[in-house]
Amino acid sequence: MANHKTSNASQTTREAQELLSVRHLKTYFPIKSGVLQRVTGYVKAVDDISFKLYPGQTMSLVGESGCGKTTAGRTILRLTPKSAGDVLFEGKDIYQLDAQELRALRPQMQLIFQDPYSSLSPRMPVGEIIAEAPRQHHIVPKAQFDAYIDKIMKDCGLQPYHRDRYPHEFSGGQRQRICIARALALNPKFIVCDEPVSALDVSIQAQIINLLMDLQAQYNLTYLFISHDLSVVEHISDLIGVMYLGDLVERGTKKEVFARPLHPYTQALFSAIPVPDPDYKMNRIILEGSIPSPANPPAGCKFHTRCRYCMAICKQQVPPSYEVEPGHVVNCHLYAGSPVVDDLVGSDDMEQQLTREKLAASGDIAAGAATARGQLSAEEIVSETLKEEARADSQGAVLDRGRKWMQEREQQLERMQADRRQVETAAAALQDEAAPAVRPDDSSKTEESLK
Amino acid sequence: MARKSQKSANYLSARTIRRTAKENRRITRQFEQKLNRKHVAPSEYATTMKDPANVLEVEDLKTYFFTDAGTVKAVDGVSFTVPRGKTIGLVGESGCGKSVTSLSIMQLLQRPQGQIVSGAIRLTQDQGQAVDITQMPISAMEKIRGKDISMIFQEPMTSLNPVFKIGSQLDEVIGLHNPDMSREAVKERTIEMLELVSIANSRAVYDMYPHQLSGGMRQRVMIAIALACSPKVIIADEPTTALDVTIQAQILDILRRLKDQINSSIVLITHDLGVIAEMADEVVVMYAGRIVEKGTVEEIFKHPSHPYTLGLMASKPVVSRHVERLYSIPGNVPNPIEMPDYCYFRDRCDRAFAPCFGEYPPMISLSPTHKVACYCYQQSADTKE
Ligand SMILES: Nc1ncnc2c1ncn2[C@@H]1O[C@H](COP(=O)(O)OP(=O)(O)OP(=O)(O)O)[C@@H](O)[C@H]1O
Ligand code: SF4
Ligand code: SF4
Ligand SMILES: [Mg+2]
């Protein structure tokens, strides 16, 4: 990596600008019982998560409901108190800030919720909802304030005349735009989006996702995106973290995690995604039983009660974080033999892997190769570790699974592209055929001629 | 509805509203009288199926809501058939009338304002007989609901009674439709049903209350209740929307397996095209209360034809199909109270051309099973014939 000038430069500057760093974060909620309200246990909502985020990136947290995604987002924003660990925002530990410092920092870290209706005050006109907080925080000089709010509204797809209307007069999608505008007006650097499109219709979802991505490009925003819809996550993220019962069990770049899900839970989760292609015969892993209670998680690996590869060691020892590919980290005993990483080292590699992917994607293959020099390629590492394991004991199944996954995904992709081309050519042909003699602009004429 | 009509309601004077309300009462009273009749001879609603291979035939169904702000034509001329043993998928955006269609079939519309105003819903009975649900009084409908046709709702909590144990709720359904079964036999059947839907400790769950179960377990209990009497048709309205993908996979698996075991048909309502592709044999796409396209699952996914279907497919991100930007259909659904007299999709359609400025397009056949309501295909159909 060091021998390429531009990537080296961008790397160092980026490191300096690292926006968010979460280290071994834990959030436990006490369970109180009895007359004395004594604490009799803890719900381990977030139980050790670590990752780093750089400006302009989107990291998604995925997992089943109740696995702690929302709590993780809120703890990172210091809206829910942490139990252990650190959250560093631009190098500052936000849990060390006093009330005044925190207040000054608040505008830079925003939250967008799932339900756009209940988070908007029904008695306030939309203009006021958006303008209230930026006015208090003196985001822009008074003279420019109105123009600023107008611009924010326009960027979010709202019209200036919407300012005097009330939230109930808007549709679900528009209300979500209002929420986004309200967050954006504070000129934030970091936004936690908690299921922002889950309550919306497919076609509206697309509008909001496009809007979020446009704004990210325009304002260099950093998102922590929380969603259970994996197809949306795949579309929007750079990095993925998979949570199970409060643990971040796997993380890596989107490409890596989707192409080669390593953790048995991730594999099951991804295999459950319904694919809109009737020919696609899914090789589905049905998880038996339901998610155990976070108040009383299983010992050892928390997933062992539902894991098809469960071994003796899984019931006793918590698996460490293994870095199976550069930047692709998984907490699972199946990958014993891969280097154990401290969570943060892994995160840095995740960042480098992303840079490599980006460079490769932008056609700068040479640069991509240069950054990878000196390290085994991802495939080599996977096959090395997997081979070793297959030899070591009867875990050959893992190797097969990994291969099958890659093949299936590739075939599926090809088929879909072929279908798409077919549909497009068919549509194009049809449009030519049905090419109208009169354009709709001449509607008056047409209507008459039709009568 | 209240929210949707708000805008137009704001502009109605109190007098107009009073007048509409009065008129509505007059209309709905007539429908209600017919529904509340007692001792109706079964011959009055007896009919025969157009095609004996079908278990359910919906023909030109119109279901309107008579609200103070005006008449909402929630379902406006919908026709489709459900062959024995098949799964029909019903897709479309929120508010397009999917749920109203299914509630009409079940006669569970919110009355008195919601009424089936015309059309036929034929449900097969034994020995080549059939009944027309639109003509049935409530008393007769109650006898077939849960036995010949049953429904699974999106939110199982609202349809399970929170104060009764799971077991007794299932017992009740089974006992009601099998009056000569002994109590013990009913309980055994209940436990058997719970096992069928993969509830592991069924005897313990028998004595639990709904709130003690997880969302996925509750939905399984709902499926057990719906399937307890081996109905001919199961209507599943967004059965997995509130659930996680892994639980969704379990539930779909159970539904598919049980459907074959008891040889019934499913009408599956969902907005998730992935679920449709996986489960359905035939697909019906609805837009603003009407069917815009229908066909076999291959036809709809391989050759989506209506501009709305195309837009719907393009706007959903798909894992491993990479696009820079998602397509989003411009504009909004028309106001359900003042539907236009031309193609409902025209104001959002990127293909609109001269004929679209005429009346609502007819259903055009692209193949014996593939139909689409769009002028784009008129020529190809004309030349074929
Ligand atoms: N009780 C009611 N009174 C008045 N209008 C109603 C009532 N119930 C439904 N409607 C209207 O009927 C139309 C169709 O609604 P329906 O519930 O069938 O939509 P849907 O396709 O099931 O949507 P979703 O995907 O959100 O479930 C909508 O315009 C709705 O507002
Ligand atoms: S550590 Fe063991 S139980 Fe846990 S996911 Fe890996 S194989 Fe399964
Ligand atoms: S009939 Fe015309 S306006 Fe309607 S969907 Fe077809 S092309 Fe579009
Ligand atoms: Mg519905």
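Quick look at the structure, then. Quick caveat, the model's predicted, so the values are computed rather than measured. (Residues numbered from 1 in each chain as written. Chains lettered and ligands numbered in written order. Predicted model: local features only at pLDDT ≥ 70, side-chain atom pairs only at ≥ 80, totals over all residues. Heavy atoms only, no water.)

## Considerations on the overall build of chain B
Helix and strand counts for chain B stand at 14 helices and 13 strands. Counting only C-alpha atoms, chain B reaches 70 × 55 × 45 Å along its principal axes. In chain B, buried positions account for 56% of the 385 residues. For chain B, the share of sequence-separated contacts (at least 6 apart) that also reach a separation of at least 24 residues comes to 66%. (Helix = DSSP H or I, 4+ residues; strand = E, 2+ residues; numbered from the N terminus. Buried < 20%, exposed > 50% of the residue type's maximum accessible area, 1.4 Å probe, protein only. Contact = heavy atoms within 4.5 Å.)

## Quick word on the site of ligand 3
Every residue close to ligand 3 is listed here: B:H306, B:P307, B:C343, B:R346, B:C349, B:R351, B:A352, B:C356, B:P361, B:C374, B:Y375 and B:C376. Looking at the shell around ligand 3 residue by residue, the class counts come to nine nonpolar, one polar and two charged. (Near = heavy atom within 4 Å. Nonpolar A, V, L, I, M, F, W, Y, C, P; charged D, E, K, R; others polar.)

## Examining the side chain of B:T67
Residue and element names in this part refer to chain B. Checked against the element boundaries, T67 lands in strand β2 (residues 54-67). Among the residues examined, T67 registers a relative accessible area of 18% and is labelled buried. Here G70 takes part through its backbone oxygen, which lies 2.5 Å from a polar atom of the side chain of T67. (Polar contact = N/O pair within 3.5 Å; in protein donor to acceptor, adjacent residues only side chain to side chain.)

## Considering the pattern of salt bridges
All names here are of chain B. A full pass over the atoms with the stated rule returns 30 salt bridges over all chains. The salt bridge partner of R37 is E44, with a shortest N-O separation of 2.7 Å. On the accessibility criterion, E44 (45% relative accessible area) is partly exposed. Here E278 and R256 are joined by a salt bridge, their closest N and O atoms 3.4 Å apart. Pair noted here: E278 is in helix α11 (residues 273-279) and R256 is in helix α10 (residues 245-262), with a separation of 22 residues, a long-range link. One connected set of salt bridges, linked through shared partners, spans K50, E57, E59 and R122. (Salt bridge = Lys/Arg side-chain N within 4 Å of Asp/Glu carboxyl O.)

## Brief notes about the packing of helix α5 (residues 145-155) of chain A against helix α7 (residues 202-219) of chain A
Each pair of packed helices can be described by the angle between their axes along with the distance between the axes. All names here are of chain A. One way to put it is that α5 packs onto α7 with a least axis distance of 11 Å and a crossing angle of 130 degrees. Our classification of the angle between α5 and α7 gives oblique. Judged by residue contacts, K151, I152 and D155 of α5 engage L211, L215, Q218 and Y219 from α7. Among the residues making up the contact of α5 with α7, the classes are represented as four nonpolar, one polar and two charged. (Axes fitted to C-alpha atoms, helices over the stretch in contact; angles between N-to-C directions. Parallel < 35°, antiparallel > 145°, perpendicular 65-115°, else oblique.)

## Regarding the site of ligand 1
All names here are of chain B. Around ligand 1, 14 residues are found, and the nearest of them are S94, G95, S99, V100 and Q110. Contact between ligand 1 and C96: an oxygen atom at 3.2 Å from a main-chain N or O atom of the residue. Within the complex, 80% of the 640 Å² of free accessible area of ligand 1 lies under protein. Ranked by residues supplied to the shell around ligand 1, first place goes to helix α3 (residues 98-106) with three residues. (Areas by Shrake-Rupley, 256 points an atom, 1.4 Å probe, with all protein chains shown as cover.)

## Let's talk about the sheet that holds strand β2 (residues 38-53) of chain A
All names here are of chain A. If you trace the four strands from one edge of the open sheet to the other, you get β2-β1-β4-β5, paired in antiparallel fashion. Pairing within the sheet leaves two strands with one partner each, and these edge strands are β2 and β5 (92-93). Where helix α2 (residues 69-76) meets the sheet, its contacts fall on β1 (20-33), β2 and β4 (84-89), and the angle it forms with β1 comes to roughly 115 degrees. (Pairing = 2+ DSSP bridges.)

## Thoughts on unusual backbone geometry
Residue and element names in this part refer to chain B. Between R111 and P112 the backbone carries a cis peptide bond, its omega angle lying at 0 degrees. By secondary structure assignment, the location of P112 is in the loop between α3 and β5 (114-124). Phi angles above zero are rare outside glycine, and N263 is one such case at about 55 degrees. Topologically, N263 is positioned in the loop between α10 and β9 (265-269). Looking at N263, the relative accessible area reads 48%, which means it is partly exposed. Unlike most non-glycine residues, A288 shows phi in positive territory, near 50 degrees. With respect to the helices, strands and loops of the structure, A288 is situated in the loop between β10 (282-287) and β11 (290-296).

## Re the pairing of strand β4 (residues 87-91) of chain B
Residues and elements named next belong to chain B. Among the five residues of β4, five are classified as buried, and the element is accordingly described as predominantly covered. On β4, burial covers both faces: T87, G89 and V91 on one face and I88 and L90 on the other are all buried. When β4 meets β9, the two strands line up parallel, connected through four bridges. Note that in β9 the partner of T87 across the bridge is I266. When β4 meets β10, the two strands line up parallel, connected through four bridges.

## A few points about the packing of aromatic side chains
Applying the stated criterion across every chain yields a total of 11 aromatic pairs over all chains. Relative to A:F190, the ring of A:F89 lies with its centre 6.3 Å away and its plane at 50 degrees, an arrangement referred to as tilted. With A:F89 in strand β4 and A:F190 in strand β7 (residues 190-194), this pair connects stretches of sequence that are 101 residues apart. Under the relative-accessibility criterion, A:F190 is labelled buried at 0%. When the centroid spacing of 5.2 Å and the interplanar angle of 85 degrees are considered together, the rings of B:Y287 and B:F345 count as edge-to-face. Of the two residues, B:Y287 is situated in strand β10 and B:F345 in the loop between α13 (307-315) and β12 (364-365); the sequence distance between them amounts to 58 residues. For the pair B:Y287 and B:F345, a shared accessibility class is recorded, and that class is buried. An aromatic cluster of three or more residues is present, and its members are A:Y244, A:Y265 and A:F303. Positioned above the aromatic ring of B:Y206, the side-chain terminus of B:K187 is 4.5 Å from the ring centre. Over the aromatic face of B:Y360 sits the side chain of B:R290, whose NZ or CZ is 4.2 Å from the ring centroid. (Phe/Tyr/Trp six-rings, centres within 6.5 Å; stacked < 30°, edge-to-face > 60°. Lys NZ or Arg CZ within 6 Å of the ring centre and 35° of its normal.)

## Section: helix α6 (residues 166-177) of chain B
One turn of the α-helix equals 3.6 residues, which is why residues spaced by three or four share an orientation. Between its first and last C-alpha, α6(B) extends 18 Å over 12 residues, near the 16 Å set by a 1.5 Å rise per residue. Residues B:I166, B:G167, B:Q169, B:L170, B:D171, B:V173, B:I174 and B:H177 constitute the buried set of α6(B). (Expected span 1.5 Å × (residues − 1).)

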